[in-house]
Amino acid sequence: MNSGVSTPFEFQRNSFHLFASGALYWPAERLLCVSDLHLGKSTRYAKSGGASLPPYEVQETLSRMEEAIEATQPNTVVCLGDSFDAVDSQDDILESDYLRLTAMMAGRSWVWIEGNHDPGPVGLGGQHLKSLNVRGITFRHIAETTDTPEISGHYHPKARVRTRARGLSFRALLVDQKRIIMPAFGTYTGGLWSDHQVFSALMDDSAQAYLLRQPPLKIPMPR
């Protein structure tokens, strides 16, 4: 992955840059935002007798985080909730992976937004907040139907497009006049298609989908 390649777009009169990994960068604030890391998902599945997933998702997710941080050198990192797949998933993370994460956190402001899977990794440093407001834009886990501009996660949006040869699907960032819904950054994450009724209720007629390819590609949000 060429971590330096991004697609810029405007939201609330501010310039943002989206990377193919799903990381979102706000240059004016030197703020990097990711959502739904779901660290520890493969271990939780194994413990519960679910599908057997290759046990490398934490390392792969952290590697993409390192690339995003190296590319942007942010002062602030905001994780939009569900950073760990469950409250006790933190207990299963290898010490070497904790060390990688704490090295990324060193020397910068790090904000853990509370998710529905976890209350924020309270054993780690940084701020632990329900939401964060920066210059009138609210960062939260789940979108709300208010007039306040917001950036949220939770739904893991995906979009489908058709070519002459076949149909293709991508993780996607959704954006309209008041709202950004972030793609999941974690390795093992499903999601909702952009034509789901949830997005029809949240996103206005101007909504665009940025497909997470290299570089991200803007299309009208498939409905």
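Scroll up to find the structure.
Let me begin by describing the structure that accompanies this report. All of these numbers come straight from a predicted model, not from anything done at the bench.

**Structural notes on the environment of Thr 76**
Next up, step 1: Position of Thr 76 relative to the elements: it lies in strand S5 (residues 76–79).
Next up, step 2: Each C-alpha atom, one on Thr 76 and one on Cys 33, is 8.4 Å from the other, the two residues being 43 residues apart in sequence.
Next up, step 3: If we skip the residues at most four places from it in the chain, Thr 76 touches Arg 30, Leu 31, Leu 32 and Ser 109.

**Some words on the pairing of strand S6 (residues 109–113)**
Next up, step 1: The element S6 is largely enclosed, with a buried count of four among its five residues.
Next up, step 2: In this structure, S5 lies alongside S6, joined through four bridges in parallel fashion. When the bridges of S6 are listed, Val 78 appears paired with Val 111.
Next up, step 3: Relative to strand S7 (residues 127–129), S6 runs parallel, the two being bridged by three bridges. The residue of S7 that forms the bridge with Ile 113 is Leu 129.

**Focus on the environment of Leu 24**
Next up, step 1: Mapped onto the elements of the fold, Leu 24 is located in strand S3 (residues 24–26).
Next up, step 2: Spatially, the C-alpha atoms of Leu 24 and Val 78 are 9.8 Å apart, while their sequence positions differ by 54 residues.

**A word on the packing of aromatic side chains**
Next up, step 1: Under the definition given, this model contains seven aromatic pairs.
Next up, step 2: Feature note: the residues Phe 9, Phe 11, Phe 16, Trp 26, Phe 139 and Tyr 210 constitute an aromatic cluster, connected by ring pairs.
Next up, step 3: If you follow Lys 158 out to its NZ or CZ, it ends over the ring of Trp 193, 4.1 Å from the centre.
Next up, step 4: The residue whose ring lies beneath Arg 160 is Trp 193, and the NZ or CZ to ring-centre distance is 4.0 Å.

**A short note on helix H2 (residues 57–72)**
Next up, step 1: Spanning 16 residues, H2 covers 23 Å between terminal C-alpha atoms, matching the ideal 22 Å at 1.5 Å per step.
Next up, step 2: Following H2 by one or two positions, Gln 73 has its phi on the positive side, about 50 degrees.

**Brief notes about the sheet that holds S6**
Next up, step 1: Sheet architecture is open: seven strands sit in the order S1-S2-S3-S4-S5-S6-S7, paired in mixed fashion. Of all strands in the sheet, those with a lone pairing partner are strand S1 (6–11) and S7, marking the two edges. Ignoring which end each strand starts from, the neighbouring axes of this sheet average 25 degrees apart.
Next up, step 2: With three bridges connecting them, S3 and strand S4 (residues 31–34) associate as antiparallel partners. Within S4, the position partnered with Tyr 25 by the bridge is Leu 32.
Next up, step 3: Where H2 meets the sheet, its contacts fall on strand S2 (14–19), S3, S4, S5 and S6, and the angle it forms with S4 comes to roughly 160 degrees.

**Comments concerning the pattern of salt bridges**
Next up, step 1: Counted according to the given criterion, the structure contains eight salt bridges.
Next up, step 2: Across the pair Arg 179 and Glu 150 runs a salt bridge whose closest N-O atoms are separated by 2.8 Å. One end of the pair, Arg 179, is in strand S13 (residues 179–181); the other, Glu 150, is in strand S10 (residues 150–152), with 29 residues separating them in the sequence.
Next up, step 3: The closest approach of N and O atoms between Asp 195 and Arg 160, which form a salt bridge, is 3.4 Å. Of this pair, Asp 195 sits in the loop between strand S14 (192–193) and helix H4 (197–202) while Arg 160 sits in strand S11 (residues 157–162), and the two are 35 residues apart along the sequence.
Next up, step 4: For Asp 195, a relative accessible area of 39% puts it in the partly exposed group.
Next up, step 5: For Arg 160, a relative accessible area of 43% corresponds to the partly exposed category.
Next up, step 6: A network of salt bridges, in which partner residues are shared, links Arg 140, Glu 144, Glu 150 and Arg 179.

How each quantity is defined
- Residues numbered from 1 in each chain as written.
- Predicted model: local features only at pLDDT ≥ 70, side-chain atom pairs only at ≥ 80, totals over all residues.
- Heavy atoms only, no water.
- Helix = DSSP H or I, 4+ residues; strand = E, 2+ residues; numbered from the N terminus.
- Contact = heavy atoms within 4.5 Å.
- Buried < 20%, exposed > 50% of the residue type's maximum accessible area, 1.4 Å probe, protein only.
- Pairing = 2+ DSSP bridges.
- Phe/Tyr/Trp six-rings, centres within 6.5 Å; stacked < 30°, edge-to-face > 60°.
- Lys NZ or Arg CZ within 6 Å of the ring centre and 35° of its normal.
- Expected span 1.5 Å × (residues − 1).
- Axes fitted to C-alpha atoms, helices over the stretch in contact; angles between N-to-C directions.
- Salt bridge = Lys/Arg side-chain N within 4 Å of Asp/Glu carboxyl O.

Honestly, it's all geometry; don't read function into it.
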